[in-house]
Amino acid sequence: MATLLRSIGAAAVRFTQELGAMAFFAAEILLAVVTPPVRIRPFLDELYKLGVLSLLIICLSGAVVGMVLGLQGYNTLVRFGAAESLGAVVGLSLIRELGPVLTALLATGRAGSATAAEIGTMVATEQLDGLRMMSVNPVHLVVTPKALAMTAVMPLLSALFIVCGIFGGYLVGVVLMGLDGGTYLTSLETNVDFVDDVLGSLLKALVFGALVGLVATYRGYTAAPTSAGVSSATTSTVVVGSVTILVFDYFITALWGV
Amino acid sequence: MPNTSRRDLVVGLFVLAGLAALAFLSIRVGGLSYKGPGGFRLYARFDEIGGLKPRAPVVIAGVKVGQVENISLGDDYRAVVEMDLDPGLRLPVDTSASILTAGILGDRYISLQIGGEEEYLRDGEEISFTESAVLLERLLGRFIHRANLQNGSTE
């Protein structure tokens with residue numbers, strides 16, 4: 001009994017310590033953002049790595065999710081004679097929920113793990129120590145561009161995901177099932193609200209981007225300088241990142257009603 | 001990895017594509033479209049709009065000719081619906097407006113029935129003939145009430 005309690009207590013302490021260290025790390029990144037020099041070049045490189053290279057998987061997944069939604073939605077709605085609302089069903093579920101969340105999960109797996117592995121490898125090969133020796137702050141040069149790029153890239157990827165999804169739904173509903181194309185788009189247009197739905201979706205994506213960026217860079221930065229350390233940093237980025245996204249998704253939805 | 005200038009170009013294209021997707025979402029889907037000054041506005045008063053929402057379509061013979069711009073409560077406690085219609089649309093003064101539903105669970109929309117007068121409605125005028133939304137639950141309530149009355153009279 002006492003050992004159980006002790007292990008629970010130890011886990012709680014470790015969790016809190018980790019949370020505190022992460023908050024410190026986030027503050028360090030924020031500080032690096034406002035201190036000159038501004039590192040544009042590494043930021044653009046990260047936009048390429050995190051954004052452009054994730055594009056294919058995002059667009060493909062978006063289209064397929066949209067098609068599935070179109071098929072499922074159509075089959076359900078047609079029972080109630082409400083197949084006209086397909087556009088609204090596909091659009092609203094993509095914009096409000098699936099777009100930001102699935103994009104963030106995919107980006108965690110694709111870009112977040114790569115980021116953690118990259119920084120972890122730099123730790124293991126003592127490149128960050130090398131930077132410190134040259135009195136270059138590694139948080140400034142390596143971590144911040146990655147975290148910022150992840151934050152900036154997420155709303156863009158999420159928007160692309162949603163647009164691909166809407167067209168996927170259109171493909172199934174209109175081209176395959178023979179629904180009227182105008183009806184699909186009209187029901188989308190009349191039911192989606194700009195402030196409530198679209199802006200909220202962007203806000204969600206932005207928060208998720210910041211979270212994934214923080215988790216990935218933190219895990220990489222604190223990785224043990226061994227190959228096992230790098231691999232466990234990569235794994236835990238995906239696990240912690242995904243769980244964080246889902247938990248925050250609930251709270252954002254509950255608090256802001258998005 | 002491609003050379004730097006080509007990569008920058010790709011990054012630029014990516015950002016542009018993302019922004020285009022955002023613009024599509026806000027303008028085409030979110031209904032944030034810019035309204036030109038030439039929009040033709042008409043008003044209509046209804047006793048019951050039953051779930052009509054702004055941006056609901058206004059149709060003539062099933063063809064969309066505009067959308068609901070704004071809904072407010074008038075002085076006489078009736079709903080005042082402001083419609084934004086295609087400019088150049090000529091509607092006789094005895095045109096009537098009714099609120100209909102697309103399917104049983106579908107969205108409400110406004111349908112205009114064209115009248116036969118020679119004079120035409122001008123920008124900002126009000127459609128005088130309106131037919132309110134049919135509320136399914138009220139209809140059912142009336143039906144049940146009548147059925148009860150009939151049962152009562154036969155007993």
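Look a little higher up for the structure.
Because the structure is predicted, anything quoted here is derived from the model rather than measured.

Procedures and definitions
- Residues numbered from 1 in each chain as written.
- Chains lettered and ligands numbered in written order.
- Predicted model: local features only at pLDDT ≥ 70, side-chain atom pairs only at ≥ 80, totals over all residues.
- Heavy atoms only, no water.
- Pairing = 2+ DSSP bridges.
- Helix = DSSP H or I, 4+ residues; strand = E, 2+ residues; numbered from the N terminus.
- Axes fitted to C-alpha atoms, helices over the stretch in contact; angles between N-to-C directions.
- Left-handed = near helix turned anticlockwise from the far one by under 90°.
- Contact = heavy atoms within 4.5 Å.
- Nonpolar A, V, L, I, M, F, W, Y, C, P; charged D, E, K, R; others polar.
- Salt bridge = Lys/Arg side-chain N within 4 Å of Asp/Glu carboxyl O.
- Buried < 20%, exposed > 50% of the residue type's maximum accessible area, 1.4 Å probe, protein only.
- Buried area = accessible area lost by both parts, 1.4 Å probe.
- Polar contact = N/O pair within 3.5 Å; in protein donor to acceptor, adjacent residues only side chain to side chain.
- Core = buried A, V, L, I, M, F, W, Y, C linked by side-chain atoms within 4.5 Å.

> Quick one: what's the story with the sheet that holds strand β3 (residues 63-73) of chain B, residue by residue and with numbers?
All names here are of chain B. In space, the eight strands of this open sheet follow the order β7-β1-β4-β3-β2-β6-β5-β8, with mixed pairing throughout. The open sheet terminates on both sides in strands that have one partner only, identified here as β7 (125-127) and β8 (129-131). The average angle at which neighbouring strand axes cross in this sheet is 30°, direction not considered. Pairing of strand β1 (residues 40-46) with strand β4 (residues 79-85) involves seven bridges; the strand directions are antiparallel. Within the sheet, the bridge partner assigned to R41 lies in β4 and is D84.

> Got a sec to walk through the packing of helix α6 (residues 138-176) of chain A against helix α8 (residues 194-221) of chain A? Specific residues and values, please.
Residue and element names in this part refer to chain A. For the pair α6 and α8, the least separation of the axes is 8 Å and the interaxial angle reads 145°. For α6 against α8, the interelement crossing comes out right-handed. Facing α6, whose interface residues are P138, V139, V143, K146, A147, M150, T151, M154, P155, S158 and I162, α8 presents S201, L202, A205, L206, F208, G209, A210, V212, G213, T217 and Y221. Tallied by class, residues from the contact of α6 with α8 come to 15 nonpolar, six polar and one charged.

> Which residues make up the pattern of salt bridges, and what values go with them?
A side chain of one charge can pair with a side chain of the opposite charge if their charged atoms are brought near each other. The final tally for this structure, using the stated rule, is 19 salt bridges over all chains. Two residues, K49 of chain A and E118 of chain A, come together in a salt bridge whose shortest N-O distance is 3.1 Å. Taken together, the residues span a long stretch of sequence, with K49 of chain A in helix α2 (residues 40-51) and E118 of chain A in helix α4 (residues 86-124) at a distance of 69 residues. Judged by relative accessible area, E118 of chain A falls into the partly exposed class, the value being 29%. For R138 of chain B, the salt bridge goes to E48 of chain B, with nearest N and O atoms at 3.8 Å. Residue R138 of chain B is located in helix α2 (residues 136-154), and its partner E48 of chain B is located in the loop between β1 and β2 (57-60); the two are separated by 90 residues in the primary sequence.

> Any chance you could break down the interface of chain B and chain A for me, citing the residues and the numbers?
Facing 31 residues of chain B, the contacting portion of chain A comprises 35 residues. Both faces combined, the contact of chain B with chain A buries some 2,800 Å², and carbon together with sulfur accounts for 72% of it. At the junction of chain B and chain A, the tally comes to two salt bridges. Residue D8 of chain B is joined to R41 of chain A by a salt bridge in which the shortest nitrogen-to-oxygen separation is 2.8 Å. In this structure, the connection of chain B to chain A is made through two residue pairs in polar contact (both at pLDDT 80 or more). At 17 residues, helix α1 (residues 4-29) of chain B tops the list of elements feeding residues into the side of chain B that touches chain A.

> Before we move on, can you summarise the pairing of strand β5 (residues 96-101) of chain B with the specific residues and values?
Relative to strand β6 (residues 108-113) of chain B, β5 of chain B runs antiparallel, the two being bridged by six bridges. Across the sheet, the residue bridging to S96 of chain B is Q113 of chain B, located in β6 of chain B.

> How would you explain the pairing of β6 of chain B if you had to name every residue and give the values?
Looking along a regular strand, one sees the side chains alternate between the two faces of the sheet. When β2 of chain B meets β6 of chain B, the two strands line up parallel, connected through three bridges. In the strand pairing of β6 of chain B, V58 of chain B is matched with I110 of chain B.

> Residue-level account of the nonpolar core, with values.
Counting residues in each nonpolar core, the largest one holds 50 residues, and the members touching the most others are I166 of chain A together with L25 of chain B. Where this core is concerned, the elements lending two or more residues are α2, α3 (55-77), α4, α6, α7 (181-191), α8 and α9 (227-256) of chain A together with α1 of chain B. Counting residues per element, this core draws most heavily on α6 of chain A, at 13 residues.

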